[in-house]
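The chain contents come next:
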Amino acid sequence: MIRITDILDKASKYLPADDQTLIQKAYIYSAAAHAGQTRLSGEPYLLHPLETANILAELKLDGPSVAAGLLHDTVEDTKASIEDIEERFGEEVADIVDGVTKISLMTFDSKEEAQAENIRKMVIAMSEDIRVILIKLADRLHNMRTLDFQPHMKQALISRETLDIYAPLANRLGLHRVKNELEDLSLKYLKPDVYAHIETGISRHQTMGEEYIAKVIGLMKDLLEANGIKARTVGRRKHIYSIYHKMLAQDLTLEQVHDLIAFRVLVSSLKDCYASLGLVHSLWKPIPGRFKDYISMPKANMYQSLHTTVIGPDGERIEIQIRTEEMNQLCEFGVAAHWQYKERERGKKAARDVDRFTWLRQIMDWQHELKDSREFMTNLRFDLFQDEVYVFTPKGQVKELPEGATPVDFAYMIHTEVGNRCAGAKINGKLAPLATVLQNGDTVEIIADKHRSPSQDWLKFVKTAKARARIKHWVRTEERAKAISLGKEMLEKDGRRMGVNLTKAAKDGSLMVIAGEHSFGSLDDLYSALGYGKVSTRRILRELSPKTEEKFEAKEAHKAEKAEETQEKLKLKGSESIKIQGVDNVLIRFAGCCNPLPGDPIVGYVSRGRGVTIHTHDCPNVSGFEPERLLRVTWEGEKDQPYPAKIKILVKNVKGVLGRVATLLAENGVNISSGSFESTLDGKTECIFTVEVKDSSHLYHVIDRLAKIDSVIEVKRLVVTDSDSPHARGYDAPSQHG
């Protein structure tokens with residue numbers, strides 16, 4: 001178990017006495033606040049803040065950061081308050097703890113929204129003080145180290161979030177040690193069989209690997225010393241996740257991965273980096289296309305190094321990285337390696353250190369335009385994961401873009417107006433389509449035209465979140481203009497039929513009064529809502545002129561009754577179980593593409609002339625909807641009536657297995673309304689059933705039961721996309737017998 005003395009020993013090597021006293025004081029406070037609390041492992045809860053602070057001290061962060069690491073859970077999990085923290089430890093520590101706490105305490109209507117908004121708030125907090133994310137990363141790293149004590153389902157959820165968000169963030173911040181460990185631990189829980197296979201395979205070759213490392217290091221040491229270069233050469237095995245990623249990307253078995261070992265040459269100067277590279281290439285043959293110069297063109301996280309792969313001793317491929325000691329320090333510890341603060345007056349906030357991170361500024365730029373948290377998450381994942389490509393402006397400036405970026409992405413990186421007016425592009429002096437994928441070293445020139453505007457088709461090929469956000473903003477603005485025009489036209493047309501003078505109502509302000517009563521800030525807002533079908537024209541006209549409405553109603557009473565009867569017939573069974581926040585008496589339909597069930601996270605979409613259509617949150621079609629037409633909806637009311645769902649069951653083609661499946665479904669109160677069967681060449685049968693269940697819990701219970709049947713290989717719940725191609729969603733229960 002880590003002790004405070006261990007942390008103070010590390011801190012004493014780089015922090016002044018005042019900071020060490022602050023850390024000691026924070027430990028005493030945290031120990032008292034968490035007294036009596038235990039973790040799932042049965043260990044004292046204090047162990048967690050101690051381990052978090054120890055990770056921060058290993059990264060050589062400043063005193064307030066290590067102290068905040070000890071205090072980061074006190075406000076959330078004890079009776080401590082931010083005011084008390086500030087009084088005892090100062091504003092700087094309190095602000096960091098407050099930033100970490102605010103991320104943890106937010107509540108939302110669904111797990112998806114909670115995760116998305118938590119990450120969004122974390123990025124925003126990071127822009128205020130980057131130490132907030134460093135503490136969150138240390139907190140997550142220790143939680144991953146102790147994940148054995150969590151239930152299996154929670155292990156998978158936490159590991160997936162870690163792999164999707166926290167490991168890429170650590171990479172972007174240059175914290176490679178943290179990133180590597182987070183990736184390995186995530187793989188351990190997400191794919192334990194794969195992790196164990198790679199770990200065992202590496203262990204088998206460990207002895208041979210040590211001998212080979214010593215041989216290569218000896219040869220390079222002799223070569224560099226003979227040429228007057230002082231260097232330190234080290235060899236290390238690649239971490240397990242990177243090996244798995246390579247096997248996946250290149251469709252290799254573990255035995256086919258030859259470069260399990262990477263060598264690092266550390267020299268004292270930039271000149272020696274390139275000199276060492278030349279000597280290595282003179283000793284061993286370099287592999288074409290495997291050289292990367294991250295010194296002249298650093299990565300977004302400021303990583304600098306020369307990478308080359310050569311045919312080394314015994315014909316083995318080996319990767320060699322060459323860098324200075326300073327570059328290596330930055331590689332290992334990222335932002336923590338150059339943590340400096342400007343001189344500041346007492347009481348002022350810590351100086352910000354995010355100016356070095358252009359990617360963070362870009363995220364902060366486009367996130368303001370993305371009101372939907374799920375869309376923010378989609379864009380953030382893409383921006384964090386993508387490798388870089390480096391291109392040049394006509395004046396020779398280097399611009400960094402994600403791999404797969406196009407001239408439109410480049411145009412929006414230069415300036416929003418350049419992107420909005422982009423009419424064409426020249427790549428290396430030749431005209432090229434706007435969808436062309438840019439390559440390293442391309443020189444890009446944008447052809448602008450003030451009469452051009454963004455096209456919705458650009459969304460099919462742009463890669464950067466900034467370009468996507470700007471294009472969507474333009475499209476939404478154009479759509480709103482059309483909705484305003486349509487709404488105004490509809491209101492005037494119905495107004496003429498009912499004898500209401502809309503021009504007069506707009507001039508004397510009576511129409512604006514009605515708009516205000518419906519919480520619209522302007523007539524354009526009202527017209528837009530009418531165009532989108534959120535408000536009916538007859539309702540507005542009735543409120544504007546009640547007497548005219550009475551005459552009109554008398555004239556068309558029969559027609560209205562018929563319309564209402566038709567609407568009632570269109571209402572699907574179960575719509576009374578839906579609650580739409582702020583809206584009553586709306587026609588509700590359930591989407592056939594995803595068949596939402598009670599208990600599923602759901603969202604409502606306003607369909608023009610067809611009321612509100614209910615989709616699951618993760619329905620593939622929702623991502624393409626206009627955000628302003630999405631409504632927050634929840635389940636309520638009866639849940640014991642049948643709802644349709646679709647499942648796929650893959651079974652071995654043996655006698656009686658389908659009978660056992662049908663019997664189990666019947667015993668669990670599940671009715672099969674339709675089904676299809678298809679046999680495969682390898683002796684299996686794929687069954688697609690449409691079944692009727694009470695809710696999502698009922699469905700997943702049955703899926704678990706089905707997966708335990710002998711000869712059942714796999715069971716999945718399905719949704720159907722627009723192309724009628726089934727895709728698994730939500731839950732996947734592999735058989736225990738397959």
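Residues numbered from 1 in each chain as written. Predicted model: local features only at pLDDT ≥ 70, side-chain atom pairs only at ≥ 80, totals over all residues. Heavy atoms only, no water.

(A) Up close: helix α23 (residues 510–517). If you check which residues of α23 are buried, you get L511, I514 and A515. Seen from one end, α23 has its buried residues packed into an arc of 100°, which puts them on one side. Just beyond α23, the residue with positive phi is S519, at close to 65°. (Buried < 20%, exposed > 50% of the residue type's maximum accessible area, 1.4 Å probe, protein only. Helix = DSSP H or I, 4+ residues; strand = E, 2+ residues; numbered from the N terminus. Arc of directions from axis to C-beta.)

(B) Spotlight on the sheet that holds strand β11 (residues 444–448). Taking strand neighbours across the sheet as the criterion, the three strands line up as β10-β9-β11 in an open arrangement whose pairing is antiparallel. Pairing within the sheet leaves two strands with one partner each, and these edge strands are β10 (430–432) and β11. Taken pair by pair, the neighbouring strands of this sheet meet at an average axis angle of 35°, ignoring direction. Strand direction decides the pairing type here: strand β9 (residues 422–427) and β11, joined by five bridges, are antiparallel. Bridged to I427 within β11 is V444. Lying over the sheet, helix α19 (residues 407–414) contacts β9 and β11, oriented at roughly 80° with respect to β11. (Pairing = 2+ DSSP bridges. Axes fitted to C-alpha atoms, helices over the stretch in contact; angles between N-to-C directions. Contact = heavy atoms within 4.5 Å.)

(C) Spatial organisation of the side chain of N668. As for its position among the elements, N668 is in the loop between α28 (657–667) and β18 (671–679). Here the side chain of N668 touches R705 through a polar contact of 3.5 Å, side chain to side chain. Once residues within four sequence positions are removed from consideration, N668 is found in contact with H698, H701, V702 and R705. (Polar contact = N/O pair within 3.5 Å; in protein donor to acceptor, adjacent residues only side chain to side chain.)

(D) Just the confidence of the model for the chain, in detail. With 78% of its residues at a pLDDT of at least 70, the chain reaches an overall mean of 78. Confidence scores differ between elements of the chain, with helix α27 (residues 557–570) showing the lowest mean pLDDT of 46 and helix α2 (residues 17–33) the highest of 94. Predicted confidence for residues 105–110 stays below pLDDT 50, and this span has twelve contacts to residues more than four positions away or in other chains. (pLDDT = per-residue confidence, 0-100.)

(E) Region of the structure containing the environment of Y212. Note on placement: Y212 falls in helix α13 (residues 206–226). Separated by 23 residues in sequence, Y212 and G235 have C-alpha atoms that sit 9.5 Å apart.

(F) Here's a closer look at the packing of aromatic side chains. Considering all chains together, one arrives at four aromatic pairs under this definition. Considering the side-chain rings of Y29 and F89, the 5.6 Å spacing of their centres and the 85° angle between planes classify their relative orientation as edge-to-face. With Y29 in helix α2 and F89 in helix α6 (residues 82–89), the pair connects residues that are 60 residues apart, well separated along the chain. Assessed through its relative accessible area of 12%, Y29 is described here as buried. Taking relative accessible area as the criterion, F89 reaches 8% and is therefore assigned buried. Both rings, one in F677 and one in F689, keep their centres 5.7 Å apart while their planes meet at 80°; by these two values the pair is edge-to-face. Of this pair, F677 sits in strand β18 while F689 is found in strand β19 (residues 684–693), placing the two residues twelve residues apart along the sequence. Classification of F689 by relative accessible area gives buried; the value is 7%. A cation over a ring is seen here: K25 above F89, with NZ or CZ 5.4 Å from the ring centre. (Phe/Tyr/Trp six-rings, centres within 6.5 Å; stacked < 30°, edge-to-face > 60°. Lys NZ or Arg CZ within 6 Å of the ring centre and 35° of its normal.)

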